[in-house]
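Spelled out from the first residue to the last, the chains are:
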Amino acid sequence: MLAQKVEEALNDINKLHITVLEHAAEISPLIKGRSLGPDVDNKENSTQKRSDKKENVWISTNKSKTPTKQSPASKTTQNHTTDTLDFNSLQNLDVNTVNSSILLREAEEARKRTIRQQVLDMHEKHLTIMQECLKPIEEQCKEEKRKWLEKKRQSDSQIIARAEQQSELDLKEHQRQLETLRLQTQRQLQVISFQGIAQYQSKFRSKYEAIVNLLMSIDKSVLMSCNEYNNKLKELIQMFEQLINKIKSGTCGGEELKTADNLCKSLAALEVGILEALKQEKEKQENIAKEEQQKAQRANEQQLQQQQQAAAQQHQQQQQQPPLPQEPPAQQAPAPPAQQQNVTPQTEATPQQQQQQNVPETKSSDETDKTTNISSQHVSQERLEFYTKINTFYLEKVERVKALQSDESMKKYRFDCQKSINIPVNAISAVSPQHIQDKFDKLYSFVSAQPPLGRDYCILLMAKKFVGQGETTISSNPQAAFPVASVIVSLWKCMPEFGQLFLAYCFKECPFLVPYFIPQKKDQSPEEYSKVLGFRTVDGQPEKQEMYLKRQAGIARLYAAVMVTNGRKQDSSPHPYGIENAWRWLTNMMDIAPLPFLSATLIMEILQIVGSDMWSNYGRQFVKLLMYIQQHYFAKLSDGDTGGPKARLELLLNNFLRDGQIQKPAGMLPLGFW
């Protein structure tokens, strides 16, 4: 654009030169001699002067020819002037020369005006071009100046930001040093406090274990107020856990030490109270026993006196009457077949069976009416202690997670935990070893990553969910019990508390797996008794017997599958709940009153799953146990169970004893499957 404008300016200059040359050509005939050169100015001036003189003369001559009225004085003056002119010079004047001079002058004036105008136009155009040329340069200068100012502003901002950042870093460093110093001081104080708390915690734990062992060793028939002591013990445990949580949050000082000391003293006082109550109760029982013994002794003495009196009277009558002929003594009647058969299983039973058959089969009516005393319904003291330990551990965990369950702010956390546990558990199947391994890894990694309280909550959820699988999936598909049981065993080995909670939920949903049985009270309605047995409410009514049996059978299948299923092949630890528990359960079931329709169902379901392994492990003893069930236990079932469960169990036992073997259950995982 700029080059184009410069080119246009040059063209204008060329046109001006051409115009000047054209004018020079027009007047060249009228010019004599040179009109250019440095020495022409003087000549032109002199020529111009002469021309001016001639012109003035010509004008004055013409004026003189013009008629005018003149005064006499002017006439005199004019005449005098005219007389003084050189007449010869006027003769030499040429009209053409004068005309040429006039034309030349006019042409020169026109040329000058044209040149001036062209010069002015060209100057204006040059100014315009220069302005247009300078405008981008000015804009560029302005842009560079703006960029420079912007860059300077950014540079200043960066310098200010760096200065502020450095000041902030210095301030943070100073605060960090102060915080470090504060934390060091706090840690030193906490270490001192922790040492004191650790001593109190150790003292509290040892005292707690002593009280638990004491409560477990107490016969509930001797001390009936254990529930009160259990509640006090749980309250103290909860208070101590709250204290520990408070200390973990960073609050540990003299007040906490004082609280720990008071809790230890309260626990010691509770132990003293239990011992004192036990002592008083024992003394009371001993006094009652002595009184009963004295009453019995007095009754025996009275009976002996009556017998002596009767003998004396009989002797007197015999002396008064003649002697009668004596008959030969009668032979002793043989023992009933039932009594003879009862001897065989008991004399040849395994040591486990002998240890657990300690409770007599016959129970008085007073003992039968005691439905709230669960201990009187257990088969053996060993099993009672095992169940009490499991149930106590379960109640402690439930009490511990109550704070998390009641916290509204943890609602989303609880939902996420349920989702993370339910999805893998619902998806467990024997599709492939990798599938089961994936579900185990998800469950174990999720639970292990939780904080202590969240871990307890998740383990409770997981145990309950697995038992729920028995009620739903396994009750409809028995083969699904084995992959689920395999994951349970693997988790049990890695987390022993999970196994205890799994058993607690099994016993809670199906009490006959303990086993213990609570008979119906005389004044208890069928609906109330159904709730005691574990019937659920559906639309305000107890669920149907078929649904109840289906749920109980599913739990029993899962419970039995756990005892005969192995976990991961990489776990070298022994099975946490082996086949010996199946033997213990069967022998205990023989010594409690059967519940119609339920006892036969549970025995059949468990025998179908564990029968093959029990036959391999116990051999002849297991066969004798089956024969004892067939010959004697069926007599108990016949009193109140005449339906399908008993018939199916009887057919199953007949097939076992006829074939001389029990096949492995369908769907059982092979050894080292995953």
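Bear in mind that the values here come from a model prediction, so they are computed numbers and not experimental data.

A short note on the overall build of the protein
At step 1: The helix and strand inventory of the protein stands at 23 helices and two strands.
At step 2: Sequence separation of 24 or more characterises 77% of the internal contacts of the protein that already satisfy a separation of 6 or more.
At step 3: Per element, the accessible surface of the protein, about 42500 Å² overall, is 53% carbon and sulfur.

With respect to helix H23 (residues 644-659)
At step 1: Here H23 spans 22 Å end to end across 16 residues, near enough to the 22 Å set by a 1.5 Å rise per residue.
At step 2: Within the sequence span of H23, burial applies to Pro645, Lys646, Leu649, Leu652, Leu653 and Phe656. End-on, the buried residues of H23 take up no more than an arc of 125 degrees, which puts them together on one face. More than 90 degrees from the buried face of H23, the exposed residues found are Leu651 and Arg658.
At step 3: Of the surrounding elements, those touching the buried residues of H23 are helix H21 (598-618) and helix H22 (620-638).
At step 4: Just beyond H23, the residue with positive phi is glycine 660, at close to 75 degrees.

Notes on a nonpolar patch on the surface
At step 1: Together, Met130, Leu134 and Ile137 line one region of the surface with nonpolar side chains, adding up to about 270 Å² of accessible area.
At step 2: One can find leucine 134 in helix H5 (residues 95-217).

What about the packing of helix H14 (residues 433-448) against helix H16 (residues 481-494)?
At step 1: At a minimum axis distance of 11 Å, the contact between H14 and H16 shows a crossing angle of 40 degrees. The angle between the axes of H14 and H16 places the two elements in the oblique class. At the point where H14 passes H16, the crossing takes the right-handed sense. In this structure, H14 contributes Ile436, Phe440, Leu443 and Tyr444 to the contact, and H16 contributes Pro483, Val487, Ser490, Leu491 and Cys494.

Brief notes about the pattern of salt bridges
At step 1: Applying the stated criterion across every chain yields a total of 24 salt bridges.
At step 2: For glutamate 497, the salt bridge identified is with arginine 455, shortest N-O distance 2.5 Å. Of this pair, glutamate 497 sits in helix H17 (residues 496-509) while arginine 455 sits in helix H15 (residues 452-476); the two residues are 42 residues apart in sequence, bridging distant segments of the chain.
At step 3: On the basis of relative accessibility, which here comes to 16%, the residue glutamate 497 falls in the buried class.
At step 4: The closest approach of N and O atoms between arginine 551 and glutamate 543, which form a salt bridge, is 2.5 Å.

Quick notes on the packing of H21 against H23
At step 1: For the pair H21 and H23, the least separation of the axes is 8 Å and the interaxial angle reads 20 degrees. The angle between H21 and H23 falls in the class roughly parallel. Once H21 is placed against H23, the crossing between them reads as left-handed. Residues Ala600, Thr601, Ile603, Met604, Leu607, Gln608 and Trp615 of H21 form the contact with H23, whose participating residues are Pro645, Lys646, Arg648, Leu649, Leu652, Leu653 and Phe656.
At step 2: For the contact of H21 with H23, the class distribution of residues is ten nonpolar, two polar and two charged.

A word on the nonpolar core
Note on soluble globular proteins: their nonpolar side chains tend to be buried together.
At step 1: Core analysis: the largest hydrophobic core is formed by 103 residues, its most contacted members being Phe466, Phe502, Leu513, Leu607, Val610 and Phe622.
At step 2: A total of twelve residues in this core trace back to one element, the largest contributor, which is H21.
At step 3: If sequence neighbours within four positions are ignored, valine 610 has contacts with Ala560, Met563, Val564, Ile579 and Ala582.
At step 4: Of all hydrophobic cores here, the second largest spans 20 residues; its members include Phe204, Tyr229, Phe240 and Cys264.

Section: the environment of glutamate 471
At step 1: The topology assignment puts glutamate 471 in helix H15.
At step 2: Judged by relative accessible area, which is 11%, glutamate 471 ranks as buried.
At step 3: The sequence separation of glutamate 471 and tyrosine 548 amounts to 77 residues, and the corresponding C-alpha distance is 9.4 Å.

Comments concerning H14
At step 1: Between its first and last C-alpha atoms H14 spans 22 Å; for 16 residues at 1.5 Å apiece the expected length is 22 Å, and the two agree.
At step 2: When H14 is considered as a whole, its buried residues turn out to be His435, Ile436, Lys439, Phe440, Leu443, Phe446 and Val447. Each buried residue of H14 lies within a common arc of 145 degrees when the element is viewed along its axis, so the set occupies one face.
At step 3: Buried residues along H14 sit in contact with helix H13 (411-426), H15 and H16.

A few points about the environment of leucine 460
At step 1: Of note, leucine 460 is situated in helix H15.
At step 2: Distance in space between the C-alpha atoms of leucine 460 and leucine 501 is 6.7 Å, their sequence separation being 41 residues.
At step 3: In this structure leucine 460 touches Tyr394, Lys397, Val398, Val401, Leu501 and Tyr505, once residues within four positions along its chain are discounted.

Quick notes on the confidence of the model for the protein
At step 1: Per-residue pLDDT for the protein averages 77, and the proportion of residues at 70 or more is 74%.
At step 2: Of all the helices and strands in the protein, helix H8 (residues 337-347) carries the lowest mean pLDDT, 31, while H16 carries the highest, 96.
At step 3: Contacts from residues 57-70, a stretch scored under 50 in pLDDT, to residues over four places away or in other chains number six contacts.

Points about the state of the cysteines
At step 1: The tally for this structure, following the rule as stated, stands at zero disulfides.
At step 2: With no disulfide of its own, cysteine 417 has cysteine 458 as its nearest cysteine by sulfur position, at a separation of 3.6 Å.
At step 3: By relative accessible area, which is 0% here, cysteine 417 ends up buried.
At step 4: The thiol sulfur of cysteine 510 is not disulfide-bonded, and the nearest other cysteine sulfur, from cysteine 506, lies at 8.4 Å.

What counts, and where the lines are drawn
- All residue numbers here refer to positions counted from 1 along the written sequence of the relevant chain.
- Totals for whole chains, interfaces and linings use every residue, but because this is a predicted model, local features are given only for residues with pLDDT of at least 70 and side-chain atom pairs only at 80 or more, for both listing and counting.
- With hydrogens and water set aside, each side-chain value is computed from the structure's full complement of heavy atoms.
- Comment: elements are numbered from the N terminus, with helices defined as DSSP H or I runs of at least four residues and strands as E runs of at least two.
- The contact definition used throughout considers only heavy atoms, calling two residues in contact when any of these lie within 4.5 Å.
- Residue exposure ignores everything except the shown protein chains as possible cover, and the areas themselves are Shrake-Rupley values with a 1.4 Å probe.
- To estimate how far a helix should reach, multiply one less than its number of residues by 1.5 Å.
- Per-residue accessibility, obtained with a 1.4 Å probe over protein chains only, is compared with the maximum for each type, and a residue is labelled buried under 20%, exposed over 50%, and partly exposed between these values.
- Summarising the geometry, the arc corresponds to the directions from the helix axis toward the C-beta atoms.
- Residues forming no salt bridge and having over 30% relative accessible area are the ones grouped into patches, like charges within 9 Å of each other and nonpolar side chains (Val, Leu, Ile, Met, Phe, Trp, Tyr) within 5 Å.
- Any Lys or Arg side-chain nitrogen found within 4 Å of a carboxyl oxygen on Asp or Glu counts as a salt bridge.
- Axis geometry follows a simple rule: fit a line to the C-alpha atoms, using only the stretch in contact for helices, then measure angles between N-to-C directions, giving values from 0 to 180 degrees.
- The scheme is simple: roughly parallel for angles under 35 degrees, roughly antiparallel for over 145, roughly perpendicular for 65 to 115, oblique for anything else.
- Note: crossing handedness is left-handed where the near helix turns anticlockwise from the far helix by less than a right angle, and right-handed where it turns clockwise.
- Polarity classes work like this: nonpolar for Ala, Val, Leu, Ile, Met, Phe, Trp, Tyr, Cys and Pro, charged for Asp, Glu, Lys and Arg, and polar for all others, with Gly in that last group.
- Think of a nonpolar core as a cluster: buried Ala, Val, Leu, Ile, Met, Phe, Trp, Tyr and Cys residues, connected wherever their side-chain atoms sit within 4.5 Å.
- Within a predicted model, pLDDT stands for the predictor's per-residue confidence, ranging from 0 to 100.
- Any two cysteine sulfur atoms lying within 2.5 Å of each other are counted as a disulfide.

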